[in-house]
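Below are the chains, spelled out letter by letter.
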Amino acid sequence: RRCVQETVSTQSTWGIINIFLVYKMESNNLQTIFSSFAGGATEMDGRQFAKLTKDCKLLDKKLTATDVDLTFAKVKAKTARKITYKQFQEAIGHFATKKGVTAEDVENTIVAQGGPTFSGTKPDAVKFHDDKSLYTGVYANGGPSTCLLYTSPSPRDRQKSRMPSSA
């Protein structure tokens, strides 16, 4: 781990600029990256392992997604569903052999990524849904009302019950 110095400046309400030197430990080592892809756990499952290889851009013509799955199956224990950090290091060695580079090069590629990448989809704008000035009919006036249109009692409510009274 390295110690990294950052300069942080803030301005108070009286116009005074405060400058702070912030020292923090840079924690981008391989074990931290492993833990972040494993969701903070000490073991990683096959889905998380595949996401690591995809996010770190390790996949190419020499190392395919099938190779990643086979490597995971090769390094895990027979009855286990997850791999430990030590088995992960072994898998990196397999990746290096498959890609024709050193294990250190693969480790540096993983550490350079810095952790998992989270992404989602953003919907496109829909003209007739998003622009309320284009609403028509009942919805142009705010939508259907929830109150009852007929509040007077029904003729059936005035009739006597046909059920014999219990008294």
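Shown above is the structure to which this text applies.
Model, not experiment: these values are computed from the prediction.

## Remarks on the overall build of the protein
Secondary structure summary: the protein contains seven helices and four strands in total. Listing the helices and strands of the protein from first to last along the sequence gives β-β-α-β-α-α-β-α-α-α-α. The burial tally for the protein puts 19% of its 167 residues in the buried class. Per element, the accessible surface of the protein, about 13,400 Å² overall, is 54% carbon and sulfur.

## Describing the nonpolar core
Within soluble globular proteins, side chains that are nonpolar generally end up buried alongside one another. Counting residues in each nonpolar core, the largest one holds 23 residues, and the members touching the most others are Met-44, Phe-49, Phe-88 and Ile-110. Among the secondary structure elements, those contributing two or more residues to this core are α1 (30-37), α2 (46-55), α3 (65-75), α4 (85-99) and α5 (103-113). Counting residues per element, this core draws most heavily on α4, at six residues. Leaving out residues up to four positions away in the same chain, Ile-110 has contacts with Leu-30, Ile-33, Leu-52, Cys-56, Leu-58, Phe-88 and Ile-92.

## Here we look at the packing of α3 against α4
Orientation of α3 relative to α4, taken along the N-to-C sense of each, is 140°, at an axis distance of 10 Å. Classed by the angle they form, the pair α3 and α4 counts as oblique. The crossing of α3 and α4 is right-handed. When α3 is examined against α4, the residues Asp-67, Val-68, Thr-71, Lys-74 and Val-75 are found in contact with a partner set consisting of Gln-87, Glu-90, Ala-91, His-94, Phe-95 and Lys-98.

## A short note on the side chain of Asp-67
Structurally, the position occupied by Asp-67 is in helix α3. The exposure class assigned to Asp-67 is buried, which follows from its relative accessible area of 16%. A distance of 3.0 Å separates a polar side-chain atom of Asp-67 from the backbone nitrogen of Thr-64.

## Brief notes about the pattern of salt bridges
Scanning all chains against the criterion turns up three salt bridges. Residues Asp-55 and Lys-51 are paired through a salt bridge, measuring 2.8 Å at the closest nitrogen-oxygen approach. Of this pair, Asp-55 and Lys-51 both sit in helix α2, four residues apart, which is roughly one turn of the helix. Since its relative accessible area comes to 11%, Asp-55 is described here as buried. By relative accessible area, which is 27% here, Lys-51 ends up partly exposed. The shortest N-O distance in the salt bridge between Lys-99 and Asp-60 comes to 2.8 Å. Within this pair, whereas Lys-99 is found in helix α4, its partner Asp-60 is found in the loop between α2 and α3, the two being separated by 39 residues in sequence. A relative accessible area of 15% places Lys-99 in the buried class.

## A short note on the packing of aromatic side chains
Overall, the coordinates contain six aromatic pairs when judged by the stated rule. For the ring pair Phe-49 and Phe-88, a centre distance of 6.3 Å and an interplane angle of 85° mean the geometry is edge-to-face. Placement of the pair is Phe-49 in helix α2 and Phe-88 in helix α4, with a sequence separation of 39 residues. Summarising the aromatic geometry, the rings of Tyr-85 and Phe-88 are spaced 6.3 Å apart at their centres and angled 35° between planes, so their arrangement reads as tilted.

Conventions used here
Residues numbered from 1 in each chain as written. Predicted model: local features only at pLDDT ≥ 70, side-chain atom pairs only at ≥ 80, totals over all residues. Heavy atoms only, no water. Helix = DSSP H or I, 4+ residues; strand = E, 2+ residues; numbered from the N terminus. Buried < 20%, exposed > 50% of the residue type's maximum accessible area, 1.4 Å probe, protein only. Areas by Shrake-Rupley, 256 points an atom, 1.4 Å probe, with all protein chains shown as cover. Core = buried A, V, L, I, M, F, W, Y, C linked by side-chain atoms within 4.5 Å. Contact = heavy atoms within 4.5 Å. Axes fitted to C-alpha atoms, helices over the stretch in contact; angles between N-to-C directions. Parallel < 35°, antiparallel > 145°, perpendicular 65-115°, else oblique. Left-handed = near helix turned anticlockwise from the far one by under 90°. Polar contact = N/O pair within 3.5 Å; in protein donor to acceptor, adjacent residues only side chain to side chain. Salt bridge = Lys/Arg side-chain N within 4 Å of Asp/Glu carboxyl O. Phe/Tyr/Trp six-rings, centres within 6.5 Å; stacked < 30°, edge-to-face > 60°.

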